[in-house]
Amino acid sequence: MSAGSERGASAAPGVVPAPCASKVELRLSCRHLLDRDPLTKSDPSVLLLLRLQGQWVQVGRTEVVPSCLHPTFSKVFTLDYYFEEVQKLRFEVYDSHGPSSHSCQDDDFLGGMECTLGQIVAQKKMTQALLLKFGRNAGKSTITVIAEDISANNGYVELSFRARKLDDKDLFSKSDPFLEMYRVNDDQSEQLVYRTEVVKNNLSPAWEPFKVSLNCLCSCEETRPLKGLVWDHDSRGKHDLIGEFATTFAEMQKAFREGQAQWDCMNTKYKQKKRNYKNSGVVILADLKVAIDFTASNGDPRNSCSLHYINPFQPNEYLQALVAVGEVCQDYDRCPMTLPSTSTPRTMSAKVGARGGLGQGCSGHTPSSPPPGIQGVVEAYQNCLPRVQLYGPTNVAPIISKVARMAAAEERTAEASQYYILLILTDGVVTDMADTREAIVRASHLPMSVIIVGVGNADFTDMQTLDGDAGVLCSPRGEPAARDIVQFVPFRELKNASPAALAKCVLAEVPKQLVEYYSHKELPPRGLSAHARDGGPGCVPCGRPERAGQLGEHPISSAPGVP
């Protein structure tokens, strides 16, 4: 958990909610540190403290960089940044006499610096002199803090590397290799992303997996150049370069999918000198996992800023939209006790915690069955939030396709007496627009409609594209939709309206869409006489549909999807 993220979680009813925060990552480096060791150089690490309620509270500590007076630390600190507050920070640099730990009692103080998080964010890169006690300068020692806002992107990647047949740099033993990953910035400077642990006496090491934000790895640009350096560790800090390789995040993903994620580890000096030089070993990407932390777009459900925050006095926007639409749809549901699952793996997905299995708590089908109708969906949503880790990516196409398969099975019956309505509540961050357009075009031939309610203040341009009001929606291949089946409504435009007004706006096009389907398929409602089928008294003219329930026996099966 990042520093400050518990504020919203601990807010009690009646207490003013915590202000919304941006998330920033801080990277540290030092120059010209004091040398406190008589035989070697200092082994520095940095302790970060945050001023809370008049006391300095430890946020964390970097790794120890052995025997180095100009360290660049791979440890990244993630903090919640509150624009409205003065957040005081203190950085303390120590010469460590043991493994990195929370205690600095036995370490030598090399200098400290105080500032506010706002100052760092404003400058983006701040360099300050380190001071000893009583305000004395610590020689020429400086500390540099770089801040990057990661609020706009919430992706993380977990990487695992190993190597094979590295060059042996040691005379009486094998190399002690470690790997450094760098990203190349626009000005061609190189930013350290991560430094692995040292694997002793091994020419084919397997390093521990590590997790970094996509912002840290490649500034969220998949084609940004990346560089890997493999070193033979030296206890005196004079590490020997074994070799290096270049890649991009896009290349890593493609190569990993194809089972060819390996790079020659090249030493330029050897390549120039040796005629038959091939490489200094091979670096292999053993595992790659990408995760989108959906919490960052919707907000942590425990925080009062979150779109999913359960306020005991006021339902959130998801609940308001769900209840307003669901209360209308449930009147036409033949089996209101049968509530479809509100999560689909790898769609608008969620990781269920240790207390439940996959899907448990995210569905109407729980061991203790919830009340019937929309209230059951509401309770399932409220119950699942504490049990799951909101996740991603937000792929809409799979859930549309899932309901479309149900609708296709219904269409294969003689009457297609069930018509499906899929309700999607989303904050606007959809990652599979091309596949979504394809899924909607396919579904336009089936007995179903899609209602999309945009929650929050995001840019809903993509959602408005799916609504066919501005023109016929086409798939990426150019195939037009058979009929308009999508209705999009931004909740913010009806936030202060009554639930009835919201439901009326959201469901306005459903009767027309339903009639268009059955008219096109030439399927009259069940129960109508032959005379009525021919247009006699008793039939509802298809050109002037009333409420869907007046169309005879074509019950609506609602399929609410809650991202």
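Refer to the structure presented above.
For clarity, every value in this text was computed on a predicted model and none was experimentally measured. (Residues numbered from 1 in each chain as written. Predicted model: local features only at pLDDT ≥ 70, side-chain atom pairs only at ≥ 80, totals over all residues. Heavy atoms only, no water.)

### Re helix H3 (residues 249-257)
Step number 1: Buried within H3 are the following residues: Phe 249, Met 252, Gln 253 and Ala 255.
Step number 2: At the exit of H3 stands Gly 259, carrying a positive phi of roughly 70 degrees. (Buried < 20%, exposed > 50% of the residue type's maximum accessible area, 1.4 Å probe, protein only. Helix = DSSP H or I, 4+ residues; strand = E, 2+ residues; numbered from the N terminus.)

### So, the nonpolar core
Step number 1: Grouped together as the largest cluster of nonpolar side chains are 30 residues, with contacts concentrated most on Leu 26, Leu 89, Phe 91, Ile 120 and Ile 143.
Step number 2: Contributions of two or more residues to this core are made by strand S1 (22-31), strand S2 (44-52), strand S4 (72-81), strand S5 (88-95), strand S6 (108-116), helix H1 (117-123), strand S7 (125-131) and strand S8 (137-149).
Step number 3: Grouped together as the second largest cluster of nonpolar side chains are 29 residues, Val 199, Trp 207, Cys 218 and Phe 249 included. (Core = buried A, V, L, I, M, F, W, Y, C linked by side-chain atoms within 4.5 Å.)

### Quick notes on the layout of surface pockets
Step number 1: Taken as a whole, the second largest pocket holds about 940 Å³ of empty space.
Step number 2: Together, 39 residues line the second largest pocket, and Thr 72, Phe 73, Glu 180, Leu 192 and Arg 195 are the ones closest to its centre.
Step number 3: Listed by contribution, the elements that provide at least two residues to the lining of the second largest pocket are S1, S4, S7, S8, strand S10 (177-184) and strand S11 (190-195).
Step number 4: No other element matches S11, which puts five residues into the lining of the second largest pocket.
Step number 5: Along the lines of polarity and charge, the residues of the lining of the second largest pocket split into 15 nonpolar, 15 polar and nine charged. (1 Å grid on protein atoms, 1.4 Å probe; cavity = no way out; pocket = protein on both sides within 12 Å on 5 of 7 lines; lining within 4 Å. Points joined across faces, edges and corners; volume = space filled by probe spheres on them. Nonpolar A, V, L, I, M, F, W, Y, C, P; charged D, E, K, R; others polar.)

### Things to note about the packing of aromatic side chains
Step number 1: Applying the stated criterion across every chain yields a total of nine aromatic pairs.
Step number 2: Considering the side-chain rings of Phe 245 and Trp 263, the 5.6 Å spacing of their centres and the 20 degrees angle between planes classify their relative orientation as stacked. Placement of the pair is Phe 245 in strand S14 (residues 240-248) and Trp 263 in strand S15 (residues 262-264), with a sequence separation of 18 residues. The same class applies to Phe 245 as to Trp 263, namely buried.
Step number 3: An aromatic cluster is built from Phe 161, Tyr 194, Phe 210, Phe 245 and Trp 263, whose rings are joined through pairwise contacts. (Phe/Tyr/Trp six-rings, centres within 6.5 Å; stacked < 30°, edge-to-face > 60°.)

Take it as geometry only, folks, not as evidence of what the structure does.
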